[in-house]
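Close look at the chain arrangement
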Amino acid sequence: MKILKSAEILTEEVVNLKSQGKSIGFVPTMGALHKGHLSLIDYASRDNDIVVVSIFVNPTQFNDKGDYDRYPRILEKDIEKLKKVKCDFVFSPEENEMYPEEDNREFDFGKLDKVMEGEHRPGHFRGVALIVSKLFEIVKPHKAYFGEKDFQQVAVIKHITKQLGFNIEIVSCPIIRENDGLAMSSRNMLLSKYQRANVSLISKTLFEAREMPKKMTVSETKDWVIRTINENPYMDVEYFEIVDGSNLEPINDWGQDEEKVGCIAVHVGNIRLIDNIRFYF
Ligand code: PAF
């Protein structure tokens, strides 16, 4: 496993490997790796000859400075984990390698950033698009792997990949959960013992909400989810929205055919967690 900080050297390595006919799978991360990340690496290693993992806490996607400062940074531990799996290159650049100068690009996300994370974290998806497009230029992968916990992020990345003309397949991979249902997230390690004991209520409520189309309207289901979670003193729901999975537009009735996804963001003290659930009929 090679650990690189230079974008130029990484590009040279992958271009050379591609010229030998090797396929490149890419897993971009912000580090503090958990089993969710390791499952993305596992998918990448099954589909590709070479796996590249990036670790970079991207400042431009944080709309809250406190969240950026608190974000866990444990590179040595991450590298130990990566040594035990199929990872050929770790790219862990310094900030000036990714942003040598200000990047003023703007992106057109259509309606995708008008709701949920886009609405509540202004500038977040622009920051994601800035860094992911830079990483795609450097790594030039055939396939890139993203977790469905960030359901809206996957939709946004698919959109910009097409819009910017990258010939990269975006592979979205299922959420990996702790035994009590909590969606795995790097931010989970910031939770106190008491917060951690309470946050499984988020996924428990989402799982129960899946039964609601039989007995409640969309609006009643949204109210029920928000009320149920907010009754817990550790938690404060920022939003719970039920959207059409194909275009992220909020739905007003259950309808029939399209995939529906309930997406939630919850503040637990100063930690912000997200999760989502697909509704089946
Ligand atoms: O999902 C993440 O960890 C980040 O948003 C990503 C895709 C690595 C970009 O910084």
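The notes below deal with the structure included here. Since the structure is predicted, the reported quantities are computational estimates derived from the model, not experimental observations. (Residues numbered from 1 in each chain as written. Predicted model: local features only at pLDDT ≥ 70, side-chain atom pairs only at ≥ 80, totals over all residues. Heavy atoms only, no water.)

In the neighbourhood of the ligand, the contacting residues comprise Pro28, Thr29, Met30, Asn58, Gln61, Ile131, Phe146 and Gln153. Note that an oxygen atom of the ligand is positioned 2.6 Å from one of the side-chain N or O atoms of Gln61. The contact in question runs from an oxygen atom of the ligand to an N or O atom on the side chain of Gln153, over 2.7 Å. For the shell around the ligand, the class distribution of residues is four nonpolar, four polar and no charged. (Near = heavy atom within 4 Å. Polar contact = N/O pair within 3.5 Å; in protein donor to acceptor, adjacent residues only side chain to side chain. Nonpolar A, V, L, I, M, F, W, Y, C, P; charged D, E, K, R; others polar.)

Another point: the pattern of salt bridges. According to the stated counting rule, one finds 27 salt bridges in the structure shown. A salt bridge links Asp67 to Arg187; the nearest nitrogen and oxygen atoms lie 2.9 Å apart. Taken together, the positions of Asp67 in helix H3 (residues 65-70) and Arg187 in the loop between strand E6 (169-173) and helix H9 (193-198) put the pair 120 residues apart, joining distant regions of the chain. We classify Arg187 as buried; its relative accessible area is 13%. Measuring nitrogen to oxygen at the nearest pair gives 2.9 Å for the salt bridge that ties Arg196 to Asp180. Of the two residues, Arg196 is situated in helix H9 and Asp180 in the loop between E6 and H9; the sequence distance between them amounts to 16 residues. Residue Arg196 is classed as partly exposed on the basis of its relative accessible area, which comes to 24%. Exposure remark for Asp180: the relative accessible area of 35% places this residue in the partly exposed category. Taken together, the shared-partner salt bridges connect Asp67, Glu117, Arg121, Arg187, Glu238 and Arg272 into one network. (Salt bridge = Lys/Arg side-chain N within 4 Å of Asp/Glu carboxyl O. Helix = DSSP H or I, 4+ residues; strand = E, 2+ residues; numbered from the N terminus. Buried < 20%, exposed > 50% of the residue type's maximum accessible area, 1.4 Å probe, protein only.)

What follows concerns unusual backbone geometry. In this structure, Ala32 is a non-glycine residue whose phi angle is positive, near 50°. Inspection of the secondary structure puts Ala32 in the loop between strand E2 (24-29) and helix H2 (35-47). Accessibility expressed as a relative area gives 1% for Ala32, which makes it buried. For Lys140, which is not glycine, the phi torsion reads 50° and is therefore positive. Here Lys140 shows up in the loop between helix H7 (124-139) and strand E5 (143-147). Under the relative-accessibility criterion, Lys140 is labelled partly exposed at 30%.

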